[in-house]
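Structural features, examined
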Amino acid sequence: IYVSVTRAGPFDPGHYKMRETLGVRDAVNVLKSGPAKGAEFQLTLPPGLTLAEVAERVGTLRGHSRDAFLQVAQSGVVRSKYQPADVTSLEGLLYPDTYFVSKDETDEQILTRLVSTFDQKADQIGLAAPNAAGLSPYQTVVAASLVEREAKLDEDRPLISAVIHNRLAAGMLLQIDATVCFAKGGCTESPTAADLAIDSPYNTYKVAGLPPTPISSVTVKSLQAAQNPSPESYLFYVLSDKNGKHKFATTEGDHERFVEEARQKGLL
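So, here is what we can say about the structure in this document. No experiment lies behind these values; they were computed from the predicted model shown. (Residues numbered from 1 in each chain as written. Predicted model: local features only at pLDDT ≥ 70, side-chain atom pairs only at ≥ 80, totals over all residues. Heavy atoms only, no water.)

1. With respect to the overall build of the protein
Each helix and strand counted, the protein has 11 helices and 4 strands in total. With the principal axes as the frame, the protein shows a C-alpha extent of 70 × 40 × 40 Å. When the 268 residues of the protein are sorted by exposure, 44% land in the buried category. Across the protein, contacts joining residues at least 24 apart in sequence account for 61% of those joining residues at least 6 apart. Total accessible area on the protein stands at roughly 14,000 Å², and carbon and sulfur atoms take up 50% of it. Each charge class in the protein was averaged separately, 27 positive and 32 negative side chains, and the resulting centres sit 7 Å apart. (Helix = DSSP H or I, 4+ residues; strand = E, 2+ residues; numbered from the N terminus. Buried < 20%, exposed > 50% of the residue type's maximum accessible area, 1.4 Å probe, protein only. Contact = heavy atoms within 4.5 Å. Areas by Shrake-Rupley, 256 points an atom, 1.4 Å probe, with all protein chains shown as cover. Lys, Arg positive; Asp, Glu negative; His and termini not counted. Charge placed at Lys NZ, Arg CZ, Asp CG, Glu CD.)

2. A short note on the pattern of salt bridges
According to the stated counting rule, one finds 14 salt bridges in the structure shown. R113 is the partner of E105 in a salt bridge, and the nearest nitrogen-oxygen pair spans 3.0 Å. A relative accessible area of 10% means that E105 is categorised as buried. By relative accessible area, R113 is classed as partly exposed at 26%. (Salt bridge = Lys/Arg side-chain N within 4 Å of Asp/Glu carboxyl O.)

3. Comments concerning the pairing of strand β4 (residues 246–249)
Sheet topology note: the strand β3 (residues 236–239)/β4 ladder contains 4 bridges and is antiparallel. Looking across to β4, one finds that L239 is bridged to H246. Taking the residues between adjacent antiparallel strands as the criterion, β3 and β4 are bridged by 6 residues, where G244 takes a positive phi near 100°. (Pairing = 2+ DSSP bridges.)

4. Regarding empty space enclosed by the protein
Inspection of every chain in the model, using the stated rule, returns 1 cavity of 30 Å³ or more. Put simply, the largest cavity is a space of about 50 Å³. Along its surface, the largest cavity is lined by A133, L135, A143, S161, I164, H165, L168 and A226. (1 Å grid on protein atoms, 1.4 Å probe; cavity = no way out; pocket = protein on both sides within 12 Å on 5 of 7 lines; lining within 4 Å. Points joined across faces, edges and corners; volume = space filled by probe spheres on them.)

5. Concerning helix α6 (residues 137–150)
Relative to the 20 Å expected for 14 residues at 1.5 Å per residue, α6 spans 20 Å between its end C-alpha atoms, a close match to the ideal helical length. Among the 14 residues that make up α6, 11 are buried, leaving the element largely enclosed by the rest of the structure. Taken together, the buried positions of α6 are Y138, T140, V141, V142, A143, A144, S145, L146, V147, E148 and E150. Taken together, the buried residues of α6 touch α5 (107–124), α7 (157–170), α8 (177–184), α10 (220–227), β3 and β4. (Expected span 1.5 Å × (residues − 1).)

Put into structure tokens, the structure is as follows:
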């Protein structure tokens, strides 16, 4: 209210130190002065990163290492409210955003902030409530990670979610390349026939249902798409232009035709 009335701000993002009994005027003055210079690092986490990729970025910060961060993130020491009791890994439960990390913050403290941000975002969209897809909250996060990795455009997210939902309902294999890439530890190009045959619970070309965990971090838009898939009866999709737009089909014949069109365009 004070900021609104006095038209103070906007303030620079970062870490600020204030004593608990600070008055509002003095608190605003602290914000006006900006965050302490040289006392923090910027940690940018774009959407769709795996836990290992997040760990690599944290490992570039002074005083941190990839392996140590990953160990804590997989230990169960820091937990999300949406994390099942038998799951210790925070895969998919670290919210993508830009964070400012204090030079004194531990890996555990960084993880707590990333997980808390995820939980807050998930709370805001009612992740814990029953959803149109009939998935549990954690299953919704898993499905959202598939949407995150596959969708290039926001308009395609609910449609890709519909394909996932419809295939699950029909007992079909999901056959999503991104899950195979996760099982491999990453892909530099489209998975090969040998890749699609690997034995892994994440290989949705061989194993029915959703993967056991998310395969990447997710945005609110992907979570919402997983909660509320489009009502379309689509079962297939393939890239249709260089901007990332997909074409969707309900029959294998139409899908094969769209795949051939994509090949002719050099998209596959």
